[in-house]
Amino acid sequence: DHGALQDIWELDTALGIIGQLPPESVAVEIGSMHGGSLNAWASLGVPVIGMTLYPVPEAHDALMIYGNSHDTDVQEQLKSALAGREVSFGFIDGDHSEAGCQADFDFLLSLGTAIIGFHDLVCPINPGVKPVWDRAKAGRRHVEIINPTTPEIVNPGVVEATGP
């Protein structure tokens, strides 16, 4: 249990995939409500940078950048914090509108992010994520992580950011 809002089985499954990244990896999370998933990524032993609107109660030693991930100045803060390092894993759990989710995906792609995770793939109150996920996974290696015992709960997906 990492203190995350995500389904534990799904989060642990995602960690199994992401945990294969090399130790020099950097993880970036867009949207960090309480810091639980920041804790999960930090448990992999990689530096974590969070981008979110509001202070996070438990940042778990992640470097936090506060502001809207769509704002150029906030994006520049992230680029500066990366100091030339590549993002091995990016996690999108911020703006759940289709346009906002697409903007976050495009931004992570522009950074050369190797693996991009999405949260809330099938969440009925956040329908904007699914169309972006469907476009992102087309032609790319990907995995949808859906707990078979709770398929109606919010779900993550992971896509390799190579391909179309």
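The structure this text deals with has already been given above.
Note that the structure is a prediction, hence the values are computed from the model and not measured.

A.B. asks: Give me the lowdown on the environment of Asn-126, citing residues and values where you can.
C.D. replies: Mapped onto the elements, Asn-126 comes out in the loop between β5 (115-118) and α5 (129-137). Along the primary structure Asn-126 and Asp-95 are separated by 31 residues, whereas in three dimensions their C-alpha atoms are 9.3 Å apart. When near neighbours in sequence (up to four residues on either side) are disregarded, Asn-126 contacts His-96 and Asp-120.

A.B. asks: Lay out the pattern of salt bridges with the relevant residues and their values.
C.D. replies: Enumeration according to the criterion identifies five salt bridges in this entry. The salt bridge involving Glu-76 is made with Lys-79; its shortest N-O contact spans 3.4 Å. Of this pair, Glu-76 and Lys-79 both sit in helix α3 (residues 72-82), three residues apart, roughly one helical turn. Looking at Glu-76, the relative accessible area reads 40%, which means it is partly exposed. Residue classification places Lys-79 among the partly exposed positions, given a relative accessible area of 36%. For the salt bridge of Glu-144 with Lys-137, the shortest nitrogen-to-oxygen distance reads 2.6 Å. Through salt bridges with shared partners, a single network forms among Lys-130, Asp-134, Lys-137 and Glu-144.

The rules behind the values
Residues numbered from 1 in each chain as written. Predicted model: local features only at pLDDT ≥ 70, side-chain atom pairs only at ≥ 80, totals over all residues. Heavy atoms only, no water. Helix = DSSP H or I, 4+ residues; strand = E, 2+ residues; numbered from the N terminus. Contact = heavy atoms within 4.5 Å. Salt bridge = Lys/Arg side-chain N within 4 Å of Asp/Glu carboxyl O. Buried < 20%, exposed > 50% of the residue type's maximum accessible area, 1.4 Å probe, protein only.

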